[in-house]
Amino acid sequence: MSAELRRRRSAVALTTLLLAAGTLLGTVASGGRAAAVTDPVDSTSSPSGSPTASPSGSPTASPSGSPTASPTASPSANGATEVSDAQLRWGLNDESNGTAPVGTNFFSAGRLANKGANHTVAASEWRQRDGHVAIEKLSASGSYVAASWAGLFQDTSGRPLTTGAVSGHQIVWDGGIGSVDREAGNAVIRWSGSATVVYYSGLEFFSLSDPVLTVTAGTGKLDATLSGYGSSQTDAGTWVALPATPVRLADLGPVDLGGEGGFSVAPAYRGVGVTLPAGSTPQNRTGPDWGAFPQSYVDFQVRSGLSSYWYSSGSSADARKVPQPLTVSYSADAPVRAPVPTPTARPVDVVSNAAIAAPSPAATTSVTLTAVSSARPVAVPAAPSRAEPSTTVASFPPAAPAPTVLALASAPASPAPAPVWPWVLGALALAASGLVAGRCVRPTATHLTPTALSGGAPGRIGATDRKEQP
């Protein structure tokens, strides 16, 4: 073998050896890495630090104790019960719920816009509800329902209002907020919102706003803010804005707060005296219905021009000025039943005349007339022929019966001239009866509804038209 061939064999053998050694080393290295991945981690080994997501203590979502917010209906620590939707309803008095010397007296929710003197409220201006305040009407079934414009001029049976009848409306405030301590006899409840009291269909009006009930040791009072416009019975053109004035609406006297759901109480009136400025109608302090609303309330009404509707003045309407009971419910969703006010009849002027029997109506009255061309008095023939062309028969309908039935007798064959004196006496008697009737019948006040008043151009109302009826 040559030296060249031995050198080549040695190179091949060395290469083969090197390849085998590389393969072996690769296998060993690969097996070591696999073992490092597949070997389980020692259970005793722990992370180098605690995970930041682990809670450091008790979860904060767990309740720490009893809830801090308690329901508003539950008693507070001092024994008072919180209320959040109390209700107040009141119809003031009968005078504010019926006819007036001119137009009608009624309520409207909210405040009416200022339209100046001699303006009567139209249906488009009146509101049944405004915010927390609503106007409700006593229905024939004895429950209160939402009022309507037409119902303002009807009694509780749906008939048109007449003198002495009442419409049965009340002002209702909801959403009262405050507290009631039944055991101590203390309460404070506040309402928000306004209602307007309309007199003479709008010739005069004022507003009641934000009433507040306060009961202290079992004695209650109701306050509010009044605003409106001052007018004058001697000058219908007077119209002056009155500033908002806090007044006492009602002194309630003893109030029982322990009733289930609320209470009803009649405000003080009978036997209450007031001081009036010079020139006012004096207070009458005789009779079973003499009295007054609170002094501050009457003081405001002196400026509004409606003062004598809130105290006894000696008129026949004094009984209608006595306030109706008012009702407070601790929850508007569960109101107590309000007492139905008993209307007080208003005396009506009556014209007395001698009774005259009504004539018996006839089905048809026929009169036979005969045309005679003569200057002598007309004589009725005995029995005219049906074919006589000068005969005319006139028939009158049953709706106009003849007040007197005259028997017509046949004329004698040779009639004498009719005497004139009966005709003269008859004319004198008719003239005398007209004079007597004119002196006996007195004019009565005309009842005008807002519709009638607003039918034409508004006129100026005289002093006597807007005064309280005697």
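Check the entry above for the structure.
Residues numbered from 1 in each chain as written. Predicted model: local features only at pLDDT ≥ 70, side-chain atom pairs only at ≥ 80, totals over all residues. Heavy atoms only, no water.

**Student:** Whenever I open this one, the packing of aromatic side chains confuses me. Can you help?
**Tutor:** For any pair of aromatic rings, the description consists of the separation of the ring centres together with the inter-plane angle of the planes. For the coordinates displayed, the defined rule picks out 18 aromatic pairs. Ring plane angle 80° and centroid distance 5.9 Å describe the contact between Phe-106 and Trp-149, whose orientation is recorded as edge-to-face. In this pair, Phe-106 sits in strand E2 (residues 106-109) while Trp-149 sits in the loop between strand E5 (144-146) and strand E6 (169-181), placing the two residues 43 residues apart along the sequence. A residue is classified by how much of its surface remains accessible, and Phe-106, at 2% relative accessible area, is buried. Its relative accessible area of 19% is what places Trp-149 among the buried residues. (Phe/Tyr/Trp six-rings, centres within 6.5 Å; stacked < 30°, edge-to-face > 60°. Helix = DSSP H or I, 4+ residues; strand = E, 2+ residues; numbered from the N terminus. Buried < 20%, exposed > 50% of the residue type's maximum accessible area, 1.4 Å probe, protein only.)

**Student:** Would you mind going over the pattern of salt bridges with me for this structure?
**Tutor:** Side chains that differ in charge, positive against negative, can pair when their charged atoms come close. Evaluated as defined, the whole model comprises nine salt bridges. For Arg-127, the salt bridge identified is with Asp-130, shortest N-O distance 2.9 Å. Overall, the relative accessible area of 31% leaves Arg-127 in the partly exposed class. Residue class for Asp-130 comes out partly exposed when judged on its relative accessible area of 28%. Lys-321 serves as the salt-bridge partner of Asp-318, at 2.9 Å between the closest nitrogen and oxygen. In terms of burial, Asp-318 and Lys-321 fall into one category: buried. It is possible to trace a salt-bridge network through shared partners that takes in Asp-223, Arg-248 and Asp-251. (Salt bridge = Lys/Arg side-chain N within 4 Å of Asp/Glu carboxyl O.)

Remember that the coordinates give geometry; whether it matters functionally is a separate question.
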